[in-house]
Amino acid sequence: MKLLFSKEVIARRIGQLAARINRDYGERPVVLVVLLKGAQLFAADLCRHLTCPVRLEFMRVCSYGAETASSGCPRILLDLDEQLRDCHILLVDDILDTGLTLHHLSRHLRQHQPASIRTCVLIDKYERRQVAIAADYAAIELQQGFVVGFGMDYNEQYRNLDAIYCLEAEDLAKESHP
Ligand code: XMP
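Residues numbered from 1 in each chain as written. Predicted model: local features only at pLDDT ≥ 70, side-chain atom pairs only at ≥ 80, totals over all residues.

Colleague: Any chance you could break down the overall build of the protein chain for me, citing the residues and the numbers?
Modeller: The number of helices and strands found in the protein chain is 4 helices and 9 strands. Relative to its length of 178 residues, the protein chain is compact, with a C-alpha radius of gyration of 16 Å against a globular reference of 16 Å. Dimensions along the principal axes, computed over C-alpha positions, put the protein chain at roughly 50 × 35 × 25 Å. Put simply, 63% of the contacts in the protein chain that link residues at least 6 apart link residues at least 24 apart. (Helix = DSSP H or I, 4+ residues; strand = E, 2+ residues; numbered from the N terminus. Rg over C-alpha atoms; globule rule 2.2 N^0.38 Å. Contact = placed C-beta atoms within 7 Å.)

In structure tokens, the structure reads:
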């Protein structure tokens, strides 16, 4: 595994991102809709920098399983149990990759008739984009690679690492023949 972003770099980027969000939202209350499981550590750090009133809600979608390629159709495993009408929603995910997850969920959340929906990701990984979607807020930009750590997993491993690493071919081989 190769180190891509140390915990110090991640902390600095999240602080800078939060400063932008604070400037944009001012005093307006925001609902962070956090996608489990990958975005939980990012959201935990981000929300502690936010100065506007913050509400936290969680959803869970499944797009990968034990693979490194998107299945193409994200499935909602845990939906919101509250209406978010007239709220300012900030949809928080770990990675924007093909774009299918955030595209699908933004459409789903529009049914709540929120005042606004914006997207916020720890990493914008732009090479494999399949739908025209850009993150409103991204802490880190990356061209390619399957990354783990800081909440992100491969086959439920590595979420607890405090830095972000790129999985290399030999790591993937090890996982399939331990
Ligand atoms: P899409 O392709 O829908 O992907 O934009 C978003 C979801 O895919 C997961 N994903 C990754 N997870 N390392 C991970 O641990 C990666 O490099 C990676 N790329 C995509 C992620 O969970 C995100 O919610």
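Colleague: Provide a residue-level description of the site of the ligand, including the pertinent values.
Modeller: D97, T98, L100, T101 and M152 are the nearest of the 21 residues found near the ligand. Only β5 (88-96), α3 (100-110) and β8 (147-148) provide two or more residues apiece to the shell around the ligand. Counting residues per element, the shell around the ligand draws most heavily on β5, at 4 residues. Broken down by class, the residue content of the shell around the ligand amounts to 10 nonpolar, 6 polar and 5 charged. (Near = placed C-beta within 6 Å. Nonpolar A, V, L, I, M, F, W, Y, C, P; charged D, E, K, R; others polar.)

Colleague: Could you give an account of the sheet that holds β5, with specific residues and numbers?
Modeller: Taken in spatial order, the 6 strands make up an open sheet running β4-β3-β2-β5-β6-β7, and their pairing is mixed. In this open sheet, the two strands that pair with only one neighbour each are β4 (75-78) and β7 (137-142). Within the sheet, the average angular offset between the axes of one strand and its neighbour, ignoring direction, is 30 degrees. Against the sheet, helix α1 (residues 7-25) makes contact with β2 (30-36), β5 and β7, and its axis sits at roughly 145 degrees relative to β7, the strand it touches most. Against the sheet, helix α2 (residues 40-47) touches β2, β3 (54-62), β5 and β6 (116-125), its axis set at about 155 degrees to β2. (Pairing = 2+ DSSP bridges. Axes fitted to C-alpha atoms, helices over the stretch in contact; angles between N-to-C directions.)

Colleague: Pulling in residues and values, what's your account of unusual backbone geometry?
Modeller: With an omega dihedral of 0 degrees, the bond running from L36 to K37 counts as a cis peptide bond. As for its position among the elements, K37 is in the loop between β2 and α2. Even without being a glycine, Q113 presents a positive backbone phi close to 55 degrees. Note on placement: Q113 falls in the loop between α3 and β6.

Colleague: How would you summarise α2 if you had to cite specific residues and measurements?
Modeller: Turning to α2, its buried residues number three or more, namely L41, F42, A43 and L46. Buried-residue contacts for α2 involve α1, β2, β5 and β6. (Buried ≥ 20, exposed ≤ 12 C-beta atoms within 10 Å, placed from the backbone.)

Colleague: Outline the environment of A163, supporting the account with residue identities and numerical values.
Modeller: With respect to the helices, strands and loops of the structure, A163 is situated in the loop between β8 and β9 (164-166). With 16 C-beta atoms counted inside 10 Å, the residue A163 sits in the partly exposed group. Separated by 13 residues in the primary sequence, A163 and F150 place their C-alpha atoms 5.8 Å from one another. With near-sequence residues (within four places) excluded, A163 lies in contact with L3, F5, S6, K7, I10, G149 and F150.

Colleague: Requested: an account of the pairing of β3, with residues and values cited.
Modeller: Looking at chain direction, β2 and β3 are connected through 7 bridges and run parallel. Bridging from a neighbouring strand, V30 pairs with V54 of β3. Of the strand pairs in this sheet, β3 and β4 are connected by 3 bridges, and their pairing is antiparallel. Within the sheet, the bridge partner assigned to R60 lies in β4 and is L78.

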